[in-house]
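Chain by chain, the residues:
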Amino acid sequence: MNLAMLKPGEIGQITQIGAIGPIKRRLMDMGVLVGEKVKVEKIAPLGDPIEVTIKNYNLSLRKKEAEGILVEAVK
Amino acid sequence: MSSELSRGEETSPVQSSDSNDVAAGFSLRNERETITVAVAGNPNSGKSTLINAIAGTRLYVGNWPGVTVEKKSAVFEHEGRKIKLVDLPGTYSLSPYTQEEIIARDYLVREKPDVIINVVDATNIERNLYLTVQLLELGIPLVIALNIYDEAEQKGYKINTMAMEEMLGVKVVPTVATKKSGLNELLKVVTKVVDNPSRYTPKHLNYGEDIESAAVSVQGHIMKQNPSLNNKYPLRWLAFKLMEGDSHVMEEASLKIDDAFVEKATIHLKKAHGDDIESIMADERYALASGLTREVVKRPEVRKMEITEKIDRVVLNRFLGIPVFLAAMWIVFKFTFDLSQPFGDWIDGATAGPISRLAAKAITAVNGPLWVASLTTEGVIAGVGFVLAFVPVIFAMMFFITFLEGSGYMARAAFVMDRAMHSMGLHGKSFIPMLLGFGCNVPGIYATRTLENPRDKALTALLLPLMSCGARLPVYVVFIGAFFSAHAGTVLWSMYVMGIALAVLMGVIFKRTLFRGESPMFIMELPPYRMPSLKSLMIHTWEKGKHFLIKAGTYIFAVSILVWFLLNLPWGVENKKDSYLGKAGQVIAPALAPIGFGNWEAASSLVTGLIAKEIVVGSMAEIYAVQQEDEETTTVSDDLKEIGSSFLTAVRDSFRNVFATLGIASISAEEDEGASGLKTVIQKTFTPLTAYAFMAFVLLYMPCVVVAIAMKHEFGSWKWFGVAFAYQMGLAWVVAMIIYQGGRILGIG
Ligand SMILES: Nc1nc2c(ncn2[C@@H]2O[C@H](COP(=O)(O)OP(=O)(O)OP(=O)(O)O)[C@@H](O)[C@H]2O)c(=O)[nH]1
Ligand SMILES: [Mg+2]
């Protein structure tokens, strides 16, 4: 299961970050780390990108990047 | 903008009770010229606002990440000492992946500032401390400005700054940059640290046994191989960078170290934690930041729904998002136009009428020759006056753009539009330079720096001139006033939409041709909404609009004189058609015939518009030699009175228009008789159809000279400007042709 599969309002815990190189580092620098909880807030009107909250702030990223972030759904 | 010298308002001398510090201060006053303070922190944490508040500068501020893209500095005096504050681009990390990060860290490492003020966003301490942890690795004395403290309090956060100081070994000062509070205290602490750096050296945060021991052995090795590096770089930091495999640093330091050694030093680390040392380090740094945050910040148990969330429910709503965006744009244009037009008409009327007459009288009074009077009234006053008439419209536009930037809507627009931008090979972030381009293309071109890769930058800069900038407004205003005054707002809006639509089209074409390949990533923080203060709105509107005034005062002035000469040379030319400019126009005119305005007057003014598009109307005024039809004789006091009374009318009309826009009362401003001579002449030579084609042509036909220079500056060559010039000329002609010929087939005009 990956972050792009969560619906607005759902929360996931990150299990693995698949992306490599600069994108991975960028995500990590912004707090997207294994073990962290992310909540999907919104999907943009045109279907992409998505908005999530992580570490208490709002981050937007594209589905393509979100697909590289594996999560476990949290109730 | 370069540095400004001014004295801060909040920097009154503070009496220090610590006699040691005072003594040190005295001795240092002579030893050291300037204290250099680097201001570093996450994007949008308020660094530029803080510097503006302290030093009285007017650095560019906005509520979206990535406003500052270049380092800027401000020098001011505090207690008799010179302090230089260096505003660095906001960064989340000191990794080598984005241009801003490289600028920030190169500065910190190479220039070795005396102190770092680390601006930390108090509402988001954890992510901000992740950078703090990295800044501490540099070993430079550091002071934390815990900024945006007001919002943190509002959210009900309890922050234990004493504990924070204890754990990090640095001073922490709560500040609210927007309200100038805490700044005195901050400066006091900064000078203390400068005077006594050894007492305030930051703590070595412990990254855990495995990382630390690997770092120690790498450090030892560096010292053995390249002992001189010890003076150039903080050794511990260098060791970390080597372990992370930071090629930028290795190249720069021209490190002569065999990989095998680093490999050996990190063997144990890799065995215990996995292969990717960058990830291990990031995890460890975040672990420190999280731990610290847990210790010092208490968040309220129940989180109440915040205003930002409420607004975003509507603004980012799946169904409402796009309509809201389009409506917001429409309102901006409508207000810009309605509010400012009466004032524009006033300046226009005043310069064409009373001011010209006053100037003519003054010249006659001192027995000036006739041609001087003509140069002054028909050349300078007509040219510059016409451009000045657009000052109100430009400032109104800049005001709205500043508001959008300050409120936080910019980032939302990027979010909503990302998908659409994606289809043209760009991403939502490119949308920000594009939006800025509506004000003026030039800052838009510079703002492309926030884009991470060169491909994006180039493509964004190529499409950006299609965003209709403020300089094109004068042309629209004149033509809309002459032909479409009943639907002014809508017609104006259609020009902007046309620009955007064509940008999409060209983007798709470019993506398939010149710019094949991967389209870039999009990772962006959405800041909370904020209400910009009226004062800061005024300041930044002024900063943006000021360039237009300077332009009008300098080279539009010069060009007006040049155009007058080109229109009156060879000396004594009877008919303007035979002047140099007229002849040039005649040569070009046939090429414009298929698009509806193949006359030499239009062609000549378009030529002058290559320098700056607002000149088009100025030159038209000169070419058509617009004169007040009523050549009645007036006295000086009549002229002055006329200027005053028409201003009051303008104020009244502006108010009326606003209400009309709001739909409270729909009063359509009645046509003022002979408000503008140029409008009357245009009505004779153009039809609504050719007028619309002309407006489209002006929208598209090429970026102005200043944009050309900006593009050269940003890309280091004329290549991209060349591409922009060529495609835009072609596009302008084709579009105007379609409008004109299409309209004729449909029987319009
Ligand atoms: N409420 C509140 N808002 C602040 C404070 N300081 C800055 N802001 C707002 O935060 C936003 C960002 O300010 P900037 O000064 O542009 O931030 P920056 O750190 O220079 O940002 P970059 O240049 O993008 O790195 C603006 O909207 C400011 O008005 C503060 O103390 N309190
Ligand atoms: Mg800034």
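A few points on the structure. (Residues numbered from 1 in each chain as written. Chains lettered and ligands numbered in written order. Predicted model: local features only at pLDDT ≥ 70, side-chain atom pairs only at ≥ 80, totals over all residues. Heavy atoms only, no water.)

## As for helix α7 (residues 183–195) of chain B
At step 1: Taking 1.5 Å as the rise per residue, α7(B) with 13 residues should run 18 Å; its terminal C-alpha atoms sit 18 Å apart, in good agreement.
At step 2: Considered for burial, the residues of α7(B) that qualify are Leu183(B), Leu186(B), Leu187(B), Val189(B), Val190(B), Thr191(B), Val193(B), Val194(B) and Asp195(B). (Helix = DSSP H or I, 4+ residues; strand = E, 2+ residues; numbered from the N terminus. Expected span 1.5 Å × (residues − 1). Buried < 20%, exposed > 50% of the residue type's maximum accessible area, 1.4 Å probe, protein only.)

## Describing the sheet that holds strand β7 (residues 171–174) of chain B
All names here are of chain B.
At step 1: Read across the open sheet, the six strands follow the order β2-β3-β1-β4-β5-β7; overall the sheet is mixed. Of all strands in the sheet, those with a lone pairing partner are β2 (72–78) and β7, marking the two edges. Along the sheet, successive strands turn relative to each other by an average axial angle of 25°, direction set aside.
At step 2: Where strand β4 (residues 115–121) meets strand β5 (residues 142–147), six bridges bridge the pair, whose relative direction is parallel. Looking at β5, one finds that Val119 is bridged to Ala145.
At step 3: Its contacts with the sheet put helix α2 (residues 47–55) on β1 (34–41), β2, β3 (81–87) and β4, and the angle it makes with β3 is roughly 160°. (Pairing = 2+ DSSP bridges. Axes fitted to C-alpha atoms, helices over the stretch in contact; angles between N-to-C directions. Contact = heavy atoms within 4.5 Å.)

## Focus: the side chain of Thr460(B)
Residues and elements named next belong to chain B.
At step 1: Relative to the helices and strands, Thr460 resides in helix α22 (residues 454–463).
At step 2: At 3.3 Å, the side chain of Thr460 forms a polar contact with the side chain of Ser430.
At step 3: Each residue touching Thr460, except ones within four places of it in the same chain, is listed here: Leu426, Ser430, Pro433, Met434, Thr448 and Leu451. (Polar contact = N/O pair within 3.5 Å; in protein donor to acceptor, adjacent residues only side chain to side chain.)

## A closer look at the sheet that holds strand β2 (residues 37–43) of chain A
At step 1: In spatial order, the strands read β5(A)-β1(A)-β2(A)-β3(A)-β4(A)-β9(B); together these six strands make up an open sheet with antiparallel pairing. Every other strand in the sheet has two partners, leaving β5 (69–74) of chain A together with β9 (523–525) of chain B as the edge strands with one partner each. Direction aside, the axes of adjacent strands within the sheet are offset by 40° on average.
At step 2: Pairing of strand β4 (residues 57–61) of chain A with β9(B) involves three bridges; the strand directions are antiparallel. Bridge pairing in β9(B) links Leu59(A) to Glu525(B).
At step 3: Packed on one face of the sheet, helix α19 (residues 409–423) of chain B meets β2, β3 (50–54) and β4 of chain A together with β9 of chain B and runs near 150° to β9(B).

## Observations concerning the coordination of the magnesium ion (ligand 2)
Residue and element names in this part refer to chain B.
At step 1: Protein-derived ligands of the magnesium ion (ligand 2) are Ser48 (OG) and Thr68 (OG1), with the metal-ligand distances lying across 2.0 to 2.1 Å. Linking Ser48 in helix α2 with Thr68 in the loop between α2 and β2, this pair joins segments that are 20 residues apart in sequence.
At step 2: On the accessibility criterion, Ser48 (8% relative accessible area) is buried.
At step 3: According to the relative accessible area criterion, Thr68 is buried, its value standing at 12%. (Donors = N, O, S within 2.8 Å, 3.2 Å for Na, K, Ca; no water.)

## What to know about a nonpolar patch on the surface
At step 1: On the surface, Val314(B), Phe319(B) and Leu320(B) cluster together to form a nonpolar patch covering roughly 320 Å² of accessible area.
At step 2: Within the element layout of this structure, Leu320(B) appears in the loop between α15 (307–315) and α16 (321–365). (Patch = residues over 30% accessible without salt bridge, like charges linked within 9 Å, V, L, I, M, F, W, Y side chains within 5 Å. Areas by Shrake-Rupley, 256 points an atom, 1.4 Å probe, with all protein chains shown as cover. Salt bridge = Lys/Arg side-chain N within 4 Å of Asp/Glu carboxyl O.)

## A few points about the interface of chain A and chain B
At step 1: Taken together, the 31 residues of chain A in the interface contact 48 residues of chain B.
At step 2: Summed over both sides, the interface between chain A and chain B buries roughly 3400 Å², with carbon and sulfur atoms accounting for 57% of that surface.
At step 3: Area buried by chain A at its contact with chain B is led by Arg25(A), Arg26(A) and Arg62(A), which between them contribute 22% of it.
At step 4: Notably, a salt bridge pairs Lys55(A) with Glu126(B), separated by 2.4 Å at the nearest N-O pair.
At step 5: Summed over the shared surface of chain A and chain B, the number is 16 residue pairs in polar contact (both at pLDDT 80 or more).
At step 6: Looking at the side of chain A that touches chain B, the element that brings in the most residues is helix α1 (residues 22–29) of chain A, giving eight residues.
At step 7: By residue class, the composition of the side of chain A that touches chain B is 15 nonpolar, five polar and eleven charged. (Buried area = accessible area lost by both parts, 1.4 Å probe. Nonpolar A, V, L, I, M, F, W, Y, C, P; charged D, E, K, R; others polar.)

## A few points about the site of ligand 1
All names here are of chain B.
At step 1: If you check the shell around ligand 1, you find 25 residues, and the closest are Lys47, Ser48, Thr49, Val67 and Thr68.
At step 2: A distance of 3.1 Å separates an oxygen atom of ligand 1 from a polar side-chain atom of Asn147.
At step 3: The contact in question runs from a nitrogen atom of ligand 1 to an N or O atom on the side chain of Glu151, over 3.1 Å.
At step 4: For ligand 1, whose accessible area on its own is 660 Å², the fraction buried by protein is 94%.
At step 5: Counting residues per element, the shell around ligand 1 draws most heavily on α2, which supplies three residues.
At step 6: Broken down by class, the residue content of the shell around ligand 1 amounts to eight nonpolar, 13 polar and four charged. (Near = heavy atom within 4 Å.)

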